[in-house]
Amino acid sequence: MATKTTSAGSARTTAATGAKRTAGKTAAATTPAVRTTAAAGAKRVVGKSDAATTATAATRVAKKARSAADTAAKLSGSASKAGLSALGTASDLGGLVAEASRNTLAINPLIGLNKRDVASAAGSLLKAVASTPRRASTHLGRYVKELGQVAKGKSELVPDPKDRRFADPAWKSNALYARLMQSYLATQKELSHFIDQSALNKLEKGRAHFFASLITDALAPSNWLFGNPAAVRKIVDTGGDNLVKGLKNLIHDARHNHMLPSMVDATPFKVGETIATSPGQVVLRHEMFELLQFAPTTPQVHARPLVMSPPQVNKYYAIDLTPDKSLVKWATDSGVQLFVVSWRNPTVEHRHWGLDDYVRALDAAVDATCKITGSTDVNMWGSCSGGMTLAAYLAWLAATGKPKVANTTWAVCVLDTEAAIEDSTLGLFNSPATIRAAKARSRRKGFVDGAEMASMFAWLRPNDLIWNYWVNNYLLGNRPPAYDVLAWNADTTRLPGQFHCDLLELVERLGLPLFQSQLVVTGCISAMIFFVSKYWVYQA
């Protein structure tokens, strides 16, 4: 490989620090360093009056909790009664299910759902019951029989070893908790089997499973104060102090986290100070981005530079968290001339930015990189939506006969959108009507908010991303973990309305494989022949 003496070795400021500088109204002044991070949001505190209210309410809750704990110690009865008691709390889930309904854009972050889609999923489950009442009664009989086995202590139902909800030893050693857990598992198992054996078609079964999982995940006994042995023990150990802390966490999240449990304590992480600290500088300020050049650590570097296109809905520094988890550091230590695009965080005034604009922005970044390094072409890396933009850019280069990119790498990027829709929850509610509705929302609002998308993503895996933190933050009264990747994930940006519509256009046209679709980019029809039929995922 040809080498070239670096000219960037003197750049000792961090790229995040350099990105703080602005250059008038057209500067990309919304790079990660100048965005309001989750850490900044976490600095907000409850006012005095709120604090007093919180303390009073928490005292009442603690007293009730102690009283309930005394009552719980005297509880006896069969597991079936315990199971019915748990199911009896379903009416209390109305708010949670309504919140899930509003946030189910996570199921399909491009298309989204509306209330009619959620109602349709519930309708699929009801249809299974109405269309095959005999089969439903058969499964009900099996369910009641299994509950009888649970009550007698003869049930052989056990949770999945990977299911952390039932990892506490009390779920096995305590007869009441064991029966409560098995009653829940019986409900989950029989409902799933009923849907699988129903006369519904594949799409309807998928929707019914989705709705059933929302309900059963929420009804898990581990999510409820006296259904969780770890929470009951902590009430006794702390004298109810965990409930006071949990209530404070709940109020904070209601005010600052879209009514969802916080997944991370971001206060230890400061962009440019504790994360995103690799030395570099801003070498180009463009209306849509800033181009960061990272200072190499080797006397000589490879002649052909690497240009990275990160996702537009997240910030670039996922590749530069800490020195021991930094792809930037690895690249600069390996003699790679590294340039990274830091996308501007758009506002409503940028609602017109579309895929063609982002393609031309990448072209400007590549031209600047070639001019700085003297190379005639570059290597490129794209991830998530930035990878899709890179793919469109390659198609445009191929159509216009401009050999500017020698090699490409895609990281965590869906290139076969058809397969993604067909084989995942993504496609359960995909229809021309939902795509039209999603486009209309984007055009009306002007952008898709990243924080909203992040909360919606959580409903893809509610046990891991919602209920897990519900238990940790509210029942146990713990702080969420301080983890750099989660802090980065919480530091979101926005997508321009037109760009979102252009991505939806790819989905809308995918009755055919993506490599057969066509896209207009800067006036040229570019056949997107480079798309492959599998996911390209980089694993560090």
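Just so you know, the residues in each chain are numbered from 1, in the order the chain's sequence is written. In keeping with the model being predicted, local features are shown solely for residues with a pLDDT of at least 70 and side-chain atom pairs are shown and tallied solely at 80 or more, while totals for entire chains, interfaces and linings include all residues. Excluded from the side-chain calculation are hydrogens and water; included are all heavy atoms of the structure.

(A) Inspection of the confidence of the model for the chain at higher detail. Looking at any residue, its pLDDT shows the predictor's confidence there, from 0 to 100. Taken residue by residue, the chain gives an average pLDDT of 76. The fraction at 70 or more is 71%. Throughout, a contact is declared for two residues whenever any of their heavy atoms are within 4.5 Å. Note on residues 1-13: pLDDT is under 50 here. Beyond four places in sequence and across chains, it has 34 contacts. Across residues 511-518 the pLDDT falls below 50, and counting only partners more than four positions away or on other chains, this stretch makes 17 contacts in the model.

(B) Quick look at the pattern of salt bridges. Any carboxyl oxygen of Asp or Glu that lies within 4 Å of a side-chain nitrogen of Lys or Arg is treated as forming a salt bridge with it. With the rule as written, the count across this model stands at 16 salt bridges. One salt bridge in this structure joins R164 and D464, with 3.3 Å as the shortest N-O distance. Of this pair, R164 sits in the loop between α7 (133-152) and α8 (170-173) while D464 is found in helix α19 (residues 462-475), placing the two residues 300 residues apart along the sequence. Note on R164: relative accessible area 58%, which makes it exposed. According to the relative accessible area criterion, D464 is partly exposed, its value standing at 29%. A salt bridge links E505 to K439; the nearest nitrogen and oxygen atoms lie 2.8 Å apart. You can see E505 sitting in helix α21 (residues 497-508) and its partner K439 sitting in helix α17 (residues 432-445), a full 66 residues away along the chain. Judged by relative accessible area, K439 falls into the buried class, the value being 10%. A run of H or I in DSSP counts as a helix once it spans at least four residues, and a run of E counts as a strand once it spans at least two, with each numbered from the N terminus. Whether a residue is buried, partly exposed or exposed follows from its accessible area with a 1.4 Å probe, protein chains only, as a fraction of its type maximum: under 20%, in between, or over 50%, in that order.

(C) Examining the sheet that holds strand β3 (residues 289-294) more closely. In spatial order, the strands read β2-β3-β6-β5-β7-β8; together these 6 strands make up an open sheet with mixed pairing. In this open sheet, the two edge strands, each paired with only one partner strand, are β2 (280-285) and β8 (405-411). Here the strands of the sheet are splayed against their neighbours by 25° on average, with no regard to which way each runs. Across 6 bridges, the pairing between strand β7 (residues 378-383) and β8 is parallel. Counted as the bridge partner of M380 is T408 from β8. Throughout, an axis means a line fitted to C-alpha atoms (over the contacting stretch in the case of helices), and angles, computed between N-to-C directions, take values from 0 to 180 degrees. Together, β2, β3, β5 (306-309), β6 (338-343) and β7 form the strand contacts of helix α14 (residues 355-373), whose direction differs from that of β6 by roughly 150°. Pairing between two strands is assigned when DSSP locates at least 2 bridges connecting them.

(D) Summary view of the pairing of β7. Counting buried residues in β7 gives 6 out of 6 residues, a clear majority hidden from the surface. The side-chain alternation of β7 yields two buried faces, one formed by V378, M380 and G382 and the other by N379, W381 and S383. Two elements, β5 and β7, share 4 bridges in a ladder whose sense is parallel. The partner of M308 across the bridge, within β7, is W381. In this fold, the crossover linking β7 to β8 by way of helix α15 (residues 384-400) has right-handed handedness. The path from the first strand over the helix to the second decides the hand: if it runs clockwise while the strands point away from the viewer, the crossover is right-handed.

(E) Broad picture of the side chain of S155. Along the chain, the position of S155 falls in the loop between α7 and α8. Looking at S155, its side chain comes within polar contact range of the side chain of E146, at 2.7 Å. Whenever two N or O atoms come within 3.5 Å, that pair is a polar contact, provided that in protein one can donate a hydrogen and the other can accept it, and provided that, for residues adjacent in sequence, both atoms are side-chain atoms. At 3.2 Å, the side chain of S155 and the backbone nitrogen of L157 are in polar contact. When near neighbours in sequence (up to four residues on either side) are disregarded, S155 contacts E146, Q149, V150 and Q182.

(F) The nonpolar core, seen in detail. If you look at the biggest cluster of nonpolar residues, it comprises 38 residues, and the most contacted ones within it are F289, V341, M380 and Y393. Residue assignment for this core shows that the elements contributing at least two residues are β3, β6, α14, β7, α15, β8 and α21. Per-element accounting of this core gives the leading share, 9 residues, to α14. Residues contacting M380, with those up to four places away along its chain left out, are L306, V307, L362, V366, L390, Y393, V405, N407, T408 and T409. Put simply, a nonpolar core is a bunch of buried Ala, Val, Leu, Ile, Met, Phe, Trp, Tyr and Cys residues held in one set by side-chain atoms that sit within 4.5 Å of each other.

(G) Geometry of the environment of R344. Looking at the secondary structure, you find R344 in the loop between β6 and α14. Overall, R344 belongs to the buried group, its relative accessible area being 11%. Between the alpha carbons of R344 and L495 there is a distance of 9.8 Å; along the sequence they are 151 residues apart. Within the structure, R344 has its side chain in polar contact with the backbone oxygen of E287 (distance 3.2 Å).

(H) Summary view of the packing of aromatic side chains. Here a pair means two rings of Phe, Tyr or Trp (six-membered ring of Trp) with centres within 6.5 Å. Their orientation is stacked below 30 degrees between planes, edge-to-face above 60, and tilted elsewhere. For the structure on display, the rule yields 12 aromatic pairs. Ring centres 5.0 Å apart and planes at 75° place the aromatic pair W343 and Y358 in the edge-to-face group. Taken as a pair, W343 in strand β6 and Y358 in helix α14 lie far apart in primary sequence, 15 residues in all. Here W343 matches Y358 in class, with each residue buried. Between W470 and Y474, the ring centres sit 5.2 Å apart and the planes meet at 80°, which makes this aromatic pair edge-to-face.

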